[in-house]
Amino acid sequence: MTETPTPKLHINHLLGMENVSREDITLMLDTGMSFREVLERPIKKVPTLNGKTIVNLFFESSTRTRIAFELAERRLSADVVNFAASGSSVSKGETFKDTVKNIEAMKIDMIVVRHESPGVPLFLTRISDATIINAGDGAHEHPTQALLDMMTLREKFGTLDGLRVGIVGDISHSRVALSNIYGLKTMGAKVSLCGPKTMMPKFIEQLGVEVFHNIDDVIPNVDALNVLRIQRERLHAVLFPSNEEYNKYFGVTKKRLEKARKPITILHPGPINRDVEISADVADSEHSFILHQVLNGVAVRMGILFLLGTKGKAN
Amino acid sequence: MNSSYLFKNAHVIDPLTKTDEITSVLVENGNIKKIAKKISTEKNTRVIDCNGIILAPGFCDMHTHLREPGYEHKETIETGLTSAANGGFTAVACMPNTNPAVDSAATVEYIKSQARKSVPAVEVFPIAAATKSREGKELSPIAELAEAGAVALSDDGSPVENADLVRRILEYGSMYNLPFIQHCEDKSLAGKGVINEGFISTTLGMSAIPRLAETTMLQRDVQIVEYVKGKYHAAHLSVKESIEIMRQAKKKKLNVSCEVTPHHFSLTDEEVRSFNTNTKMNPPLRTQDDVDELLVGLHDGTIDVIASDHAPHSIDEKDVEYIYAPFGIVGFETTIGLCVTKLIETKTLTWKQLIDKLSVNPRKILSLHEIKIEVGEKANFTLIDAKKEWTVDVQQFKSKSKNSPFDKWKLKGKAMGIYNNGMYIESK
Ligand SMILES: [Zn+2]
């Protein structure tokens, strides 16, 4: 990777997939792929970000995303600081801004941020000089998840152009869905959404996606299904009557998938609720790429950290 | 202190006396002594050159939050009234969502006395809580509040959700000629929403407030008014369907009125894409369709009043994550500029219509005395430099808080000063 000059991203921060160009997405996916090779070596570490300090600023717990970022950071030899705070920073008397200013005083280069409020990563770019990576802001965006999903699909199908991807579940409360829609559309894929009306944002069709409320209408027409986690505990009871009913009408089951002409590739951002949104046999089948996604998650984050971390100071 | 003032060659517009002419107004000891094209003055008369300036009956902002008592870090009665004066208002009605809420005669008295002490040129008319502690459970002591000088009843900041209570407030309040001012928001529909439900909220993944939250409550309230009579005023309407509901209610000759704010007719939810917390208000900024209909409603008279909903919050409170920021923006010092820029310059309203909405109608709704620019009347004026082009700089605001989405906006039209209670205050 060091022999030829590295192409540079046009973005200085990764705040979301909205408005990220096809060129930038391709570069991030390509770079992610080249780091996959590093992960398969016996010594899984390169000195690329030696001397850089990265803070993982998690205001909302997310073990998976945080561990994937931390692994990626350590394998690039960055110095890593984890900052976790549960709930609102305001409730503890210190403002979010104070927290960030304090952390920044320790001279850091990058911040990976997870927060329940949409817009926090953008807010950070205004109060900090560090490079910002969005690890999920409320139900807004989760760009690294979309990139790892796209990387997995591209690996399987060779290209995203013309690929038909279905996203099933609670679209309203999903940051994964929005980022996937933006990214996949930019890369030329056709996106269909499926879920109960109560979980579908009212104006989502304006993003150029098709909307279905019956899973059986989607299955025959897609190459891949991205099945979202149903988080009943977080939702008002008004969005759907029960897990059982959800599973009966929207659950991705082997029986349903058999209706497709050819096998459908299954993705899921994890952690899965077996036999709620997805049945155990589907999750464990040969067409499930769920564990593959986890590996790609580390690789693509290494790629992003590398591209943004070696870009020089953001302006 | 000068006791006589000559407002020389002003463009006097007074809807009540149907005046619209360039003339001079001589004021002595707070009263209008003479109105004529040419007035000779004595040595101690202060002459104010009003060439190109509109002189209108003093503006009254009927929806404001002065924050005192209880939230003096956001605004005090003194800073609020200084800001109001600077924005061209000689009267303000202030909402009762203070701490304690304005639900006792003592608090009404406190606000009135603080106002008289601090900025006597601006009159303050307290609006009392419709329910005890604004909890929406029991009637506040309405008779006592009326006697102490409250001019209306409202739980603004929150709606009165219980339909039976709305009925009782209208019934009881009507005995004292107090209008009920409703903040129309069905909380069960609004939920944890922070912006308008629409395409923008979808792309931002933001919890949203549907337009239904406003219209279902307004529609229900209008039905209650039709049944029990009483005087009803809908605060800060924001969606186009609400204007149609008001139009129909007025056709039925119900005693209803409504207001809009300058931000709702000047901005759309597109602004929220910046995640600037100064775009967070309740009701939220809506769509261009809504703005267009608000302009129609202003033009055809369905909308009676323009009120700022001046809602100061400190920088610390606003400079936080979007979902945690409080709702509201300051408004006194940009209202005239936005009205002239968005309504007069676009020919949506005539000056007479605008003055009706900023001065005549709010006073009528709150049953305040009329202001006439006539010899023998008390002098109470707002002076407007309609041609002045200026750039909003929140740091120059007299308000203690600076939370405005209009910072750096170029506006046309600005208050030049006010005259009231024998005092002239020039705007900065
Ligand atoms: Zn209100």
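Worth saying up front: this structure is predicted, and the values here are computed from it rather than measured.

Caption draft 1: Structural detail: the pattern of salt bridges. On inspection of all chains with the given rule, the structure shows 40 salt bridges over all chains. Lys190(A) is the partner of Glu210(A) in a salt bridge, and the nearest nitrogen-oxygen pair spans 3.2 Å. Within this pair, whereas Glu210(A) is found in strand 7 (residues 210-212), its partner Lys190(A) is found in strand 6 (residues 190-194), the two being separated by 20 residues in sequence. The partly exposed category is assigned to Glu210(A), whose relative accessible area is 39%. Between Glu171(B) and Arg168(B) there is a salt bridge, with its nearest N and O atoms 2.9 Å apart. With Glu171(B) and Arg168(B) both in helix 4 (residues 163-174) and 3 residues apart, the pair spans about one turn of that helix.

Caption draft 2: Inspection of the state of the cysteines at higher detail. Residues and elements named next belong to chain B. The final tally for this structure, using the stated rule, is 0 disulfides over all chains. The thiol sulfur of Cys-94 is not disulfide-bonded, and the nearest other cysteine sulfur, from Cys-60, lies at 11 Å. Left unpaired, Cys-258 is separated from the closest cysteine sulfur, that of Cys-184, by 9.5 Å. Of the residues examined, Cys-258 reaches a relative accessible area of 0% and is grouped as buried.

Caption draft 3: Layout of a nonpolar patch on the surface. A contiguous nonpolar surface patch, about 300 Å² in accessible area, is contributed by Tyr172(B), Met175(B) and Tyr176(B). Tyr172(B) gets classed as partly exposed once you look at its relative accessible area, which sits at 34%.

Caption draft 4: Expanded view of the sheet that holds strand 9 (residues 152-154) of chain B. Residue and element names in this part refer to chain B. Ordered by their spatial adjacency, 8 strands build an open sheet running 6-7-8-9-10-13-14-15, and the pairing between neighbours is parallel. Two strands close off the open sheet at either side, each with one partner strand: strand 6 (59-64) and strand 15 (305-306). Judged from the 2 bridges that link them, strand 14 (residues 256-260) and strand 15 form a sheet pairing that is parallel. Looking across to strand 15, one finds that Glu-259 is bridged to Val-305.

Caption draft 5: Focus on the sheet that holds strand 4 (residues 131-137) of chain A. All names here are of chain A. Pairing is parallel across the open sheet formed by 4 strands, whose spatial order is 2-1-3-4. Edge positions in the sheet fall to strand 2 (79-84) and strand 4, since each of these pairs with one other strand and no more. Geometrically, the sheet is characterised by an average inter-axis angle of 15 degrees between neighbouring strands, direction not taken into account. Running at roughly 150 degrees to strand 4, helix 11 (residues 290-309) makes contact with strand 1 (53-58), strand 3 (110-115) and strand 4 of the sheet.

Caption draft 6: Geometry of unusual backbone geometry. Residue and element names in this part refer to chain B. Put simply, Asn-99 and Pro-100 share a cis peptide bond, and its omega is 5 degrees. Secondary-structure assignment places Pro-100 in the loop between strand 7 (89-94) and helix 2 (105-118). A cis amide bond, omega 0 degrees, links Asn-282 with the succeeding residue Pro-283. Secondary-structure assignment places Pro-283 in the loop between helix 9 (262-266) and helix 10 (288-300). Its identity as a non-glycine residue notwithstanding, Lys-253 has a phi of 65 degrees, on the positive side. As for its position among the elements, Lys-253 is in the loop between helix 8 (240-251) and strand 14. Among the residues examined, Lys-253 registers a relative accessible area of 73% and is labelled exposed.

About the cut-offs
Residues numbered from 1 in each chain as written. Chains lettered and ligands numbered in written order. Predicted model: local features only at pLDDT ≥ 70, side-chain atom pairs only at ≥ 80, totals over all residues. Heavy atoms only, no water. Salt bridge = Lys/Arg side-chain N within 4 Å of Asp/Glu carboxyl O. Helix = DSSP H or I, 4+ residues; strand = E, 2+ residues; numbered from the N terminus. Buried < 20%, exposed > 50% of the residue type's maximum accessible area, 1.4 Å probe, protein only. Disulfide = S-S within 2.5 Å. Patch = residues over 30% accessible without salt bridge, like charges linked within 9 Å, V, L, I, M, F, W, Y side chains within 5 Å. Areas by Shrake-Rupley, 256 points an atom, 1.4 Å probe, with all protein chains shown as cover. Pairing = 2+ DSSP bridges. Axes fitted to C-alpha atoms, helices over the stretch in contact; angles between N-to-C directions. Contact = heavy atoms within 4.5 Å.

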